[in-house]
Amino acid sequence: MPTSNSTTPPSFETILSPALLPLYNLQGKTVVIIDILRATSSICVGFHSGVTLFHPVAHPEQATALENEGFIGAAERNGQKLNGFMLGNSPFDYLSNNLQDKKVAITTTNGTRCLHLSYEADEIIIGSFLNLNAVVNHCKNTKRDVIAFCAGWKDKFNLEDTLFAGALAKRLSSDFVIECDSTLAAIDLYNTAKDDLAGYIKKASHAQRFERLGLEHDIDFCMQNSIYDFVPKMVGDNLVLS
Ligand code: MLT
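Residues numbered from 1 in each chain as written. Predicted model: local features only at pLDDT ≥ 70, side-chain atom pairs only at ≥ 80, totals over all residues. Heavy atoms only, no water.

A. Summary view of the packing of aromatic side chains. Tallied over the full model, the rule gives seven aromatic pairs. Measuring from centroid to centroid gives 5.1 Å for Phe-47 and Phe-54, while their planes differ by 70°, and the two rings are edge-to-face. We note that Phe-47, like Phe-54, is buried. Taken together, a centroid distance of 5.9 Å and an interplanar angle of 50° make the contact between Phe-54 and Tyr-94 tilted. One end of the pair, Phe-54, is in strand 3 (residues 53–56); the other, Tyr-94, is in helix 3 (residues 91–96), and 40 residues separate them in sequence. Residues Phe-54 and Tyr-94 agree in their burial class; the two are buried. (Phe/Tyr/Trp six-rings, centres within 6.5 Å; stacked < 30°, edge-to-face > 60°. Buried < 20%, exposed > 50% of the residue type's maximum accessible area, 1.4 Å probe, protein only. Helix = DSSP H or I, 4+ residues; strand = E, 2+ residues; numbered from the N terminus.)

Pasting the structure below:
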């Protein structure tokens, strides 16, 4: 049930790192999982390519075990696809393979952990620049309190996830109450970068990591705006298209 009653607008809060999660109450709220580079972006690409569900797991061994049950395994650590897996965490992994009607068991460095951490939420959805408009409309229609949950990098703050939180909050600012300094800072960060998001993010630590790994193209792809009109959500232990 939405926590805000019909007269008071819902609230918008931002968790800048999983380390700050204990300070927030997720109950009754919609949690938007944000891992722009690249889990939530790649998950959206997978659904676009016909994946029927993503099953997030904590350990690569779990993904391997599920391959025996008809899942395709996807595993990434420190930005690189793990040996022995068909898929990693690049959006291009999900554009180039025949994924129509496939189930994917996925584990990534940061993003899948946030899905598991958000179990107390009323609703858990996937946010990326690729489906920003759809997430905005979803949050406006459901009228629940929203928490933007930035995956960061190993509990550290990162720029790209906070940029998205700011973009989402700015788009919802006329319909939501924003009394959260993390959100206000995220909006200011977005206002700083909004005219050239991809250019701005090139200085981010994750972007520098990607340049060392030859993954620069992933950044430009993940920073595209609203190319998909759907919102993946957790139903039970799986991400599906609602
Ligand atoms: C993640 O998705 O957990 C990280 O952002 C790792 C990556 O895709 O490079």
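From this point, the narrative continues.
B. Fine view of the site of the ligand. Close contacts around the ligand come from 14 residues, with Asp-35, Leu-37, Arg-38, Asn-89 and Asn-110 the closest. Note that an oxygen atom of the ligand is positioned 2.6 Å from one of the side-chain N or O atoms of Asn-89. Across the complex, the protein chains shield 100% of the 270 Å² of accessible surface that the ligand would expose by itself. (Near = heavy atom within 4 Å. Polar contact = N/O pair within 3.5 Å; in protein donor to acceptor, adjacent residues only side chain to side chain. Areas by Shrake-Rupley, 256 points an atom, 1.4 Å probe, with all protein chains shown as cover.)

C. Molecular detail of helix 9 (residues 205–213). What helix 9 keeps buried is the set His-206, Ala-207, Arg-209 and Phe-210. Looking straight down helix 9, one finds its buried side chains confined to an arc of 155°; they lie on one side. Those residues of helix 9 hidden inside the fold are in contact with helix 6 (159–172), helix 8 (197–201) and helix 10 (216–222). One or two positions beyond helix 9, positive phi appears at Gly-214, with a value near 70°. (Arc of directions from axis to C-beta. Contact = heavy atoms within 4.5 Å.)

D. Seen up close, the nonpolar core. In this structure, Phe-12, Val-32, Leu-163 and Leu-168 are the most contacted members of the largest nonpolar core, which totals 40 residues. Where this core is concerned, the elements lending two or more residues are strand 2 (30–34), helix 5 (132–142), strand 8 (146–150), helix 6, helix 7 (181–193), helix 8, helix 9 and helix 10. The biggest single contributor to this core is helix 6, with seven residues. Beyond its immediate stretch of four places on either side in the chain, Leu-168 contacts Phe-12, Val-32, Leu-132, Val-135 and Val-136. Ile-15, Ile-43, Leu-115 and Leu-239 belong to the second largest nonpolar core, which has 33 residues in total. (Core = buried A, V, L, I, M, F, W, Y, C linked by side-chain atoms within 4.5 Å.)

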